[in-house]
Amino acid sequence: MKDDSSPDSKEDIAIDQEDDNSVTEDDPSSLSQEKTSRFATSGEHLDFNFEAYDQDICILGSKGSGKSYLANEILKSLNGIHVWVYDFNHQFHSSRAIVFNDLTKMLEVSDQAKRGHYILQPHDNSENTFRRFCEEGFKRGNLVLMMDEAHSFLTKQKQLKEFNNIILSGRPRGISCITISSRPASLPNNVLTNAKHVFSFKLNLESDVKFLEGYLGSDIWILMPRDKRHKLKDEAELPEHTFFYRDMDTDRGVIGKVWSEKSSHVQNVNSENLKA
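Residues numbered from 1 in each chain as written. Predicted model: local features only at pLDDT ≥ 70, side-chain atom pairs only at ≥ 80, totals over all residues. Heavy atoms only, no water.

Draft legend 1. Just the overall build of the protein, in detail. Check the secondary structure of the protein and you find 7 helices and 12 strands. The proportion of buried residues among the 276 residues of the protein is 51%. For the protein, restricting intrachain contacts to residue pairs at least 6 apart in sequence, the fraction spanning at least 24 positions comes to 68%. Accessible area of the protein: about 13,200 Å², with a carbon and sulfur share of 44%. (Helix = DSSP H or I, 4+ residues; strand = E, 2+ residues; numbered from the N terminus. Buried < 20%, exposed > 50% of the residue type's maximum accessible area, 1.4 Å probe, protein only. Contact = heavy atoms within 4.5 Å. Areas by Shrake-Rupley, 256 points an atom, 1.4 Å probe, with all protein chains shown as cover.)

Draft legend 2. Here's a closer look at the side chain of Glu149. If you trace the backbone, Glu149 turns up in the loop between strand 6 (143-147) and helix 5 (161-169). No salt bridge is formed by the buried Glu149; the nearest opposite charge belongs to Lys67, separated by 4.1 Å. Reaching out from Glu149, the side chain makes a polar contact with the side chain of Ser182 at a distance of 3.4 Å. In this view, Glu149 contacts Lys67, Phe88, Asn89, Ile180 and Ser182; residues no more than four positions away in its chain are not counted. (Lys, Arg positive; Asp, Glu negative; His and termini not counted. Salt bridge = Lys/Arg side-chain N within 4 Å of Asp/Glu carboxyl O. Polar contact = N/O pair within 3.5 Å; in protein donor to acceptor, adjacent residues only side chain to side chain.)

Draft legend 3. Main features of the pairing of strand 7 (residues 175-181). For strand 7, the buried fraction is high: 7 of the 7 residues fall into the buried class. Taking every second residue as pointing to the same face, both faces of strand 7 are buried, with Ile175, Cys177, Thr179 and Ser181 on one and Ser176, Ile178 and Ile180 on the other. Note that strand 2 (residues 57-60) and strand 7 share 4 bridges and pair parallel. Each residue of the ladder has a partner; that of Leu60, found in strand 7, is Ser181. What joins strand 6 to strand 7 is helix 5, and the crossover it makes is right-handed. (Pairing = 2+ DSSP bridges. Right-handed = clockwise from strand over helix to strand, strands pointing away.)

Draft legend 4. Seen up close, the confidence of the model for the protein. On average, residues of the protein score 81 in pLDDT, and 77% of them reach the 70 mark or higher. This stretch, residues 1-38, has a pLDDT under 50; its non-local contacts, to residues over four places away or in other chains, come to 68 contacts. Scored below 50 in pLDDT, residues 262-273 makes 49 contacts in the model with residues more than four places away or belonging to other chains. (pLDDT = per-residue confidence, 0-100.)

Draft legend 5. Quick peek at the environment of Val198. Mapped onto the fold, Val198 is located in strand 8 (residues 197-200). Judged by its relative accessible area of 0%, Val198 is buried. In this structure Val198 touches Cys58, Leu60, Leu192, Leu216, Phe244, Tyr245, Arg246 and Met248, once residues within four positions along its chain are discounted.

Draft legend 6. The arrangement of the pairing of strand 9 (residues 242-247) in detail. Of all 6 residues making up strand 9, 6 are buried, and the element is well covered by its neighbours. Residues Thr242, Phe244 and Arg246 point to one face of strand 9 and Phe243, Tyr245 and Asp247 to the other, with burial holding for every one of them. Strand direction decides the pairing type here: strand 9 and strand 10 (residues 254-258), joined by 4 bridges, are antiparallel. Counted as the bridge partner of Phe244 is Ile255 from strand 10. In this structure, the hairpin formed by strand 9 and strand 10 is closed by a connection of 6 residues.

Draft legend 7. Looking closely at the packing of aromatic side chains. All told, the structure shown has 12 aromatic pairs when counted by the stated rule. Consider the rings of Phe199 and Phe243, whose centres lie 5.2 Å apart with planes at 80°: the pair is edge-to-face. Here Phe199, found in strand 8, pairs with Phe243, found in strand 9; they are 44 residues apart in sequence, far enough to count as distant. Taken individually, Phe199 and Phe243 each receive the classification buried, so the pair is uniform in this respect. Pairing Phe201 with Phe243 gives two aromatic rings, centres 5.5 Å apart and planes at 70°, and the pair type is edge-to-face. Placement of Phe201 in the loop between strand 8 and helix 7 (206-216) and of Phe243 in strand 9 is noted, with a sequence separation of 42 residues between them. The pair formed by Phe201 and Phe243 is uniform in burial state, with each residue classed as buried. Three or more aromatic residues joined by ring pairs form one cluster here, namely Trp84, Tyr86, Phe88, Phe130, Phe133, Phe153 and Phe163. Positioned over the ring face of Phe211 is Lys156, at 3.9 Å from the centre of the ring. Positioned over the ring face of Phe138 is Arg173, at 5.1 Å from the centre of the ring. (Phe/Tyr/Trp six-rings, centres within 6.5 Å; stacked < 30°, edge-to-face > 60°. Lys NZ or Arg CZ within 6 Å of the ring centre and 35° of its normal.)

In structure tokens:
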């Protein structure tokens, strides 16, 4: 991840040039030209700028698709940022983080230090613990809260007040929420509508893709296996651990991949180990 002082990196991907690649009877040679996929990766660094305490992120994808790896990379890059992680499936690890199994003990240490990275892997992995985690985070403010497998506690029909407070009213209190889920269609709509950054890895369920299409556009079908797609059936399947990223203030997304390079420190997370 790059510092603010580093030069801007191009975030574009290869785009279809329909006029240049169109087949015409007047130009027989054009029949042999291969059409460039707009989903080809460019190898350039992805210009991903996350402002902690001000913006929200969604990381979505099926099991084993790479979302936990990306979430860990973002966590490691948040130097000097106060972060709490609700680690539902014990997927988070960082040499700079302290792991707790009891929420009360985590709160005591966090309140004394006023900064640092804290990972909660609760023995009591219940809805009540999740509610309290959200409630205590909202009370304190000036936090980045990472919620792994959020769909385990949240659905469209079951929206928890404590979590909604973070999503709907967290920004004035300096709270960023990073929501991670393998079932995006189950999440409350306000998670997507309030996210600035959305990453989606491979998806296997049509319901998830149809839900995300309403927010990210039809390009999201590229994340499905070809035999399950309703759109983009002619596009090749993406390589493993590839994601679709969209800054929701822009009108289209890009394809990228997490590379195992060292993460540079950030206040505003500028990702140098994410590539388009």
